[in-house]
Amino acid sequence: MSIHSDHSEQMNNDAMGRGRGAGRAEDESLLPAVVAALSVAGERLVGRFSTEPRPRSREDIFAALGANDAVSLDALREPLSRARPEARWVEDELECGPLPPGEWWVTDTVEGNINHVHGMADWCVTATLVRDNEPVLTAVHLPLTGDTYTARKGAGATLGTRRIRASAKTELGAAFVGTGQARPGEDEETYRRIGMSVTAMLRSALVLRVSVPATLQLIQVAAGRMDVFWQYSQIRSGLLAGALLVEEAGGAVTDTRGERWSLASEDFLAAAPGLHAGAAFVLSTIR
């Protein structure tokens, strides 16, 4: 995966080397502050979580989603901004497309918020530092289990202190694959492509899972528990964290036709390295 917008610009090689080294050292020192902020946000969300109450209407659902987002954002924004004051903040977690140059915090205050408000356990909190449209550091915290997945560009991916690796499978017919919708209210063309891709993968893979959120499937791909994940349309906050984790765990990240993935891409594919070509072949037939 590479999401630089232009590789043609040349810089002085020595200056580039010094910049990369400094950036990586700073990113490494930044990670504990990111994990700490996510842990505080997670604790607050656990305090709001219940397996009993059920929303009664669309209005109830969106009110609960907004309240959860506000509680988590209150815990995240100040410490992350203090840790990296030069990084700007993406205000709308549902935004798509490339960002302006520079550093940005892309967070999902409650990734899987819809699951939280319905009393299900599949939710997490994420924060990703994006530099010139390239994710360079990410953390994904699962408050109900205490698990935290982290990755830095060029430094591998971990669950806690343990390195994680993508699956070693090479046969798509043995693969556990997954997809899901990016958000409610997608257009009819996107729904058509989702449906066709599900049918195609049901024929090609061993078993298929359709669920939300994307990040919780992508951490499974990074950890080698699942083998393939794809998604049509693109929500930045739902893909960047998992994309970096999968790449740093040795997986492949492209669009569904096997081309370089960027924040301008229309769709997304992450797979174990030995399955990527087969998955892209199947999905490339979906037009």
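Anyway, here's the lowdown on the structure attached to this text. All values derive from a computational prediction rather than experimental measurement. (Residues numbered from 1 in each chain as written. Predicted model: local features only at pLDDT ≥ 70, side-chain atom pairs only at ≥ 80, totals over all residues. Heavy atoms only, no water.)

1. Focus: the overall build of the chain
Quick reminder of the rule: Put simply, DSSP H or I for four residues or longer makes a helix, DSSP E for two residues or longer makes a strand, and each gets a number counted from the N terminus. With the radius of gyration taken over C-alpha atoms, the globule rule is written as 2.2 Å times the number of residues to the power 0.38. Accessible areas in this description were obtained via Shrake-Rupley with a 1.4 Å probe; residue shielding takes into account the shown protein chains only. For the purpose of charge, His is not counted, nor are the chain termini; Lys and Arg are scored as positive and Asp and Glu as negative. Positions of charges follow a simple convention, taking NZ of Lys, CZ of Arg, CG of Asp or CD of Glu.
Secondary structure assignment for the chain yields 7 helices and 12 strands. Computed over the C-alpha atoms, the radius of gyration of the chain is 18 Å, within 12% of the 19 Å expected from 2.2 N^0.38 for a compact globule of 287 residues. Taken along its principal axes, the extent of the C-alpha atoms in the chain is 50 × 45 × 35 Å. With an accessible surface of roughly 12900 Å², the chain has 53% of that area assigned to carbon and sulfur atoms. Within the chain, one finds 29 positive and 37 negative side-chain charges whose respective centroids are separated by 3 Å.

2. What about unusual backbone geometry?
Outside of glycine, negative phi angles account for most residues, and trans bonds account for most peptide bonds. With an omega dihedral of 5°, the bond running from Val-212 to Pro-213 counts as a cis peptide bond. Take Pro-213: it is sitting in the loop between β9 (207-210) and α5 (214-222). The phi torsion at Asn-133 lies on the positive side, around 70°, for a residue other than glycine. Examined against the element boundaries, Asn-133 turns out to sit in the loop between β3 (124-131) and β4 (134-142).

3. Observations regarding helix α2 (residues 58-83)
Spelled out, the test is: The span you would expect from a helix comes to 1.5 Å times its residue count less one. Burial status follows relative accessibility: with a 1.4 Å probe on protein chains alone, a residue under 20% of its type maximum counts as buried, one over 50% as exposed, and anything between as partly exposed.
The end-to-end C-alpha distance of α2, which contains 26 residues, comes to 37 Å, matching closely the 38 Å that a straight helix rising 1.5 Å per residue would cover. Restricting attention to buried positions, one finds in α2 the residues Ile-61, Leu-65, Asn-68, Ser-72, Ala-75, Leu-76, Pro-79 and Leu-80.

4. What about the layout of surface pockets?
Keep this limit in mind: In this analysis a 1.4 Å probe is tested at points of a 1 Å grid over the protein atoms alone, and where it fits but cannot get out there is a cavity; an open set with protein on both sides within 12 Å along at least five of seven lines is a pocket; lining residues have an atom within 4 Å of a point. Grid points are joined across faces, edges and corners, and a volume is the space filled by probe spheres set on the points. Residue type decides the class: Asp, Glu, Lys and Arg count as charged, Ala, Val, Leu, Ile, Met, Phe, Trp, Tyr, Cys and Pro as nonpolar, and the leftover types, Gly among them, as polar.
Of the pockets and cavities examined, the second largest pocket occupies roughly 640 Å³. If you go around the second largest pocket, you meet 25 residues; those closest to its centre are Leu-94, Ile-114, Ala-182, Arg-183 and Pro-184. The set of elements that each furnish at least two residues to the lining of the second largest pocket consists of α2, β2 (103-111), α3 (113-117) and α6 (236-248). Of the residues that constitute the lining of the second largest pocket, the class distribution is 12 nonpolar, 7 polar and 6 charged.

5. Some remarks on the packing of α5 against α6
The cut-off we apply is this: Simply put, an axis is a line fit to the C-alpha atoms, just over the touching stretch for a helix, and the angle between two N-to-C directions goes from 0 to 180 degrees. The cut-offs work like this: below 35 degrees is roughly parallel, past 145 is roughly antiparallel, 65 to 115 is roughly perpendicular, and the gaps in between are oblique. Residue contacts are counted whenever heavy atoms from the two residues lie within 4.5 Å of one another.
Contact geometry for α5 and α6: axes closest at 8 Å, N-to-C directions at 5°. If you check the angle between α5 and α6, you find them roughly parallel. Of the residues in α6, those touching α5 at Ala-214, Thr-215, Leu-218, Ile-219, Val-221 and Ala-222 are Ser-237, Gly-238, Leu-239, Gly-242, Ala-243, Leu-245 and Val-246. Considering only residue class, the contact of α5 with α6 consists of 9 nonpolar, 4 polar and no charged.

6. Things to note about the side chain of Arg-84
Looking at the secondary structure, you find Arg-84 in the loop between α2 and β1 (88-89). Residue class for Arg-84 comes out buried when judged on its relative accessible area of 7%.

7. Remarks on the pairing of β2
Keep this limit in mind: Pairing between strands requires that DSSP locate at least two bridges from one strand to the other.
Counting buried positions along β2 yields 9 of 9 residues, so the element is predominantly enclosed. The sheet contact formed by β1 and β2 spans 2 bridges and is parallel. Following the sheet pairing, Arg-88 is matched in β2 by Trp-104.

8. Some words on the pairing of β4
With 9 of 9 residues buried, β4 lies mostly within the body of the structure. Two strands pair when backbone bridges link them, and β3 and β4 are joined in this way by 7 bridges, in the antiparallel orientation. When the bridges of β4 are listed, Leu-129 appears paired with Leu-137. Here β4 runs beside strand β5 (residues 147-152); their pairing, made up of 6 bridges, is antiparallel.

9. Brief notes about the environment of Glu-111
The condition that has to hold: Polar contact is defined as a pair of N or O atoms within 3.5 Å, subject to the rule that within protein one atom must be able to donate a hydrogen and the other to accept it, and that residues adjacent in sequence are counted only when both atoms are side-chain atoms.
Mapped onto the elements of the fold, Glu-111 is located in strand β2. Along the primary structure Glu-111 and Val-221 are separated by 110 residues, whereas in three dimensions their C-alpha atoms are 17 Å apart. With residues near it in sequence (within four places) discarded, Glu-111 still touches Asp-122, Trp-123, Cys-124, Thr-126, Pro-213, Ala-214, Thr-215 and Gly-238. There is a polar contact of 2.7 Å between the side chain of Glu-111 and the side chain of Thr-215.

10. Observations regarding the pattern of salt bridges
Put simply, the rule is: Any Lys or Arg side-chain nitrogen located within 4 Å of an Asp or Glu carboxyl oxygen qualifies as a salt bridge.
Taken as a whole and judged by the stated rule, the model has 17 salt bridges. We note a salt bridge from Arg-84 to Glu-26, for which the minimum N-O separation is 3.3 Å. Linking Arg-84 in the loop between α2 and β1 with Glu-26 in helix α1 (residues 13-48), this pair joins segments that are 58 residues apart in sequence. By relative accessible area, Glu-26 is classed as partly exposed at 38%. Glu-134 is the salt-bridge partner of Lys-153, the closest N and O atoms lying 3.0 Å from each other. Linking Lys-153 in the loop between β5 and β6 (156-159) with Glu-134 in strand β4, this pair joins segments that are 19 residues apart in sequence. The class for Lys-153 is partly exposed, based on a relative accessible area of 24%.

11. Considerations on the sheet that holds β2
Spatial ordering of the open sheet is given by β1-β2-β3-β4-β5-β6-β7, a layout of 7 strands whose pairing is mixed. Either end of the sheet is taken by a strand with one partner, and the two such strands are β1 and β7 (162-163). Relative to β7, β6 runs antiparallel, the two sharing 2 bridges. The residue of β7 that forms the bridge with Leu-159 is Arg-162. On top of the sheet, α2 reaches β1, β2 and β3; it is set at about 150° to β2, its chief contact.

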